[in-house]
Amino acid sequence: MTGTPLIEVEDLRIDLDDGSRRVAAAEGISFRIDRGETFGLVGESGCGKSITALALIGLLRPPLSIGGGAIRFEGREIQHLSAARQRELRGNRIAMIFQEPMTALNPVSPVGRQIAEMFVLHQGKSWREADRLAVEALASVRVPAPERRVKDYPHQLSGGMRQRVMIAIALACGPDLLIADEPTTALDVTVQAEIIELMRNLCAERGTAILMISHDLGLVANVCRRVAVMYAGRIVEERGSADIFRAPSHPYTQGLVDSLPRLGSRAALGRTRLQEIAGVVPAITAFPDGCRFNPRCARATDICRTAAPETTRLDAGGLVRCHHHA
């Protein structure tokens, strides 16, 4: 990759103030996304993916705060912009699809008015013009009878329709970067496929880059060109998606890949148990010393329990943070 990336995160640290001390909820987070690229961020729940996304879009709230590092959008640092400047950027140049549309949408406002707000606030349109554009936005995400649906409230729509409304809101102003945080949560498989295909097509038409956050490795493998794997507040591996799923280097990535069912395997047929990673992601206030994955890792040795591994650049391309990477 050459030139200035659309967004670049360098050594980002996110602090948590628990009332008696400040601890790092995430640290050493570094990655870049180029224009029009689809980049994946994966890991189990509690690894720090969503708070990283909130930091990018300026929505961290106490007890969380940015404790260090830099977030650059088109080469300019944005982590310390005023609240007003962040609002100008958010929704207009950087947009986000949140995990659960039922809680992200305003329950007492028609969905059409929530879409129209984007055009009024960010593009200075009149409400009459914005209402017309809201109908077009719903039509673009394949909502049937958009002229009628703009008057509906969120509870009157199905889960798939609510997610389409969220996509319409996020893409209303033609953002340069779309952050999709678990965009297919709680949707059935066929609706998931429709939503992902819709996002890909719309973003390809507009040249929008996507940061796809998910714990669904199959989804990320099909959508993203590059993938970063996050564990306990740190990125432990970053590579091209084909490489990372074919030959993972970090033991945690290997565990995630091994837990996937494979067509025709005994586990997929229900004859054996799927492999699993023993244990759970540690709490933010209880991260272990050394490599944070060491209590769950079969390769762990004494150095893993005492010294945090440095990031290593792989000969085949990509990065890994492990003392004993494959």
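Placed above this text is the structure.
Residues numbered from 1 in each chain as written. Predicted model: local features only at pLDDT ≥ 70, side-chain atom pairs only at ≥ 80, totals over all residues. Heavy atoms only, no water.

(A) Inspection of the pairing of strand β10 (residues 234-240) at higher detail. When you tally the buried positions in β10, you get six out of seven residues, the bulk of the element. By the bridge criterion, six bridges tie strand β9 (residues 226-231) to β10 in an arrangement that is antiparallel. Considered in β10, the bridge of A228 is made with E238. (Buried < 20%, exposed > 50% of the residue type's maximum accessible area, 1.4 Å probe, protein only. Helix = DSSP H or I, 4+ residues; strand = E, 2+ residues; numbered from the N terminus. Pairing = 2+ DSSP bridges.)

(B) Examining the sheet that holds β9 more closely. Spatial ordering of the open sheet is given by β6-β7-β8-β3-β9-β10-β12-β11, a layout of eight strands whose pairing is mixed. A single partner strand is all that each edge strand has here, and the edge strands are β6 (94-97) and β11 (311-313). Across the sheet, the mean angle separating the axes of adjacent strands is 20 degrees when strand polarity is ignored. Both strand β3 (residues 38-42) and strand β8 (residues 209-214) contribute to a ladder of five bridges, which runs parallel. The residue bridging L41 from the neighbouring strand is I213, located in β8. Running over the sheet, helix α1 (residues 49-56) touches β3, β6, β7 (177-181), β8 and β9 and is turned about 150 degrees from β8. Sitting on the sheet, helix α7 (residues 159-171) touches β6 and β7, and the angle it makes with β6 is about 175 degrees. (Axes fitted to C-alpha atoms, helices over the stretch in contact; angles between N-to-C directions. Contact = heavy atoms within 4.5 Å.)

(C) Fine view of the packing of aromatic side chains. On inspection of all chains with the given rule, the structure shows four aromatic pairs. The interplanar angle of 15 degrees and the centroid separation of 5.2 Å between the aromatic rings of F31 and F39 together place this pair among those described as stacked. In this structure, F31 and F39 share a single accessibility class: buried. Each ring, one from Y231 and one from F293, has its centre 5.2 Å from the other, and the planes form 85 degrees; the classification is edge-to-face. Note that Y231 is positioned in strand β9 and F293 in the loop between α11 (251-258) and α12 (302-306), a separation of 62 residues in sequence. (Phe/Tyr/Trp six-rings, centres within 6.5 Å; stacked < 30°, edge-to-face > 60°.)

(D) Here's a closer look at the side chain of Q86. The topology assignment puts Q86 in helix α2 (residues 83-89). With near-sequence residues (within four places) excluded, Q86 lies in contact with G58, I78, Q79 and L81.

(E) Main features of the packing of helix α4 (residues 111-123) against α7. Taken N-terminus to C-terminus, the directions of α4 and α7 make an angle of 20 degrees; their axes are 8 Å apart at the nearest point. Classified by the interaxial angle, the pair formed by α4 and α7 is roughly parallel. Viewed along their axes, α4 and α7 form a crossing whose handedness is right-handed. Of the residues in α7, those touching α4 at V111, Q114, I115 and M118 are V165, A168 and I169. Broken down by class, the residue content of the contact of α4 with α7 amounts to six nonpolar, one polar and no charged. (Parallel < 35°, antiparallel > 145°, perpendicular 65-115°, else oblique. Left-handed = near helix turned anticlockwise from the far one by under 90°. Nonpolar A, V, L, I, M, F, W, Y, C, P; charged D, E, K, R; others polar.)

(F) Looking closely at the sheet that holds strand β2 (residues 22-33). Pairing within the open sheet is antiparallel, and its four strands lie in the order β2-β1-β4-β5. The sheet is open, and its two borders are formed by β2 and β5 (76-77), each paired with just one other strand. Across eight bridges, strand β1 (residues 7-17) lies against strand β4 (residues 64-73) in antiparallel orientation. Within the sheet, the bridge partner assigned to E8 lies in β4 and is R72. Its contacts with the sheet put α1 on β1, β2 and β4, and the angle it makes with β1 is roughly 115 degrees.

(G) Here's a closer look at the packing of α4 against helix α5 (residues 127-140). Relative to each other, α4 and α5 sit at 120 degrees, their axes nearing to 8 Å. The angle between α4 and α5 places the two elements in the oblique class. Crossing of α4 against α5: the hand is right-handed. Along its contact with α4, which presents G112, R113, I115, A116, E117, F119 and V120, the element α5 presents W127, A130, D131, L133, A134, A137 and L138.

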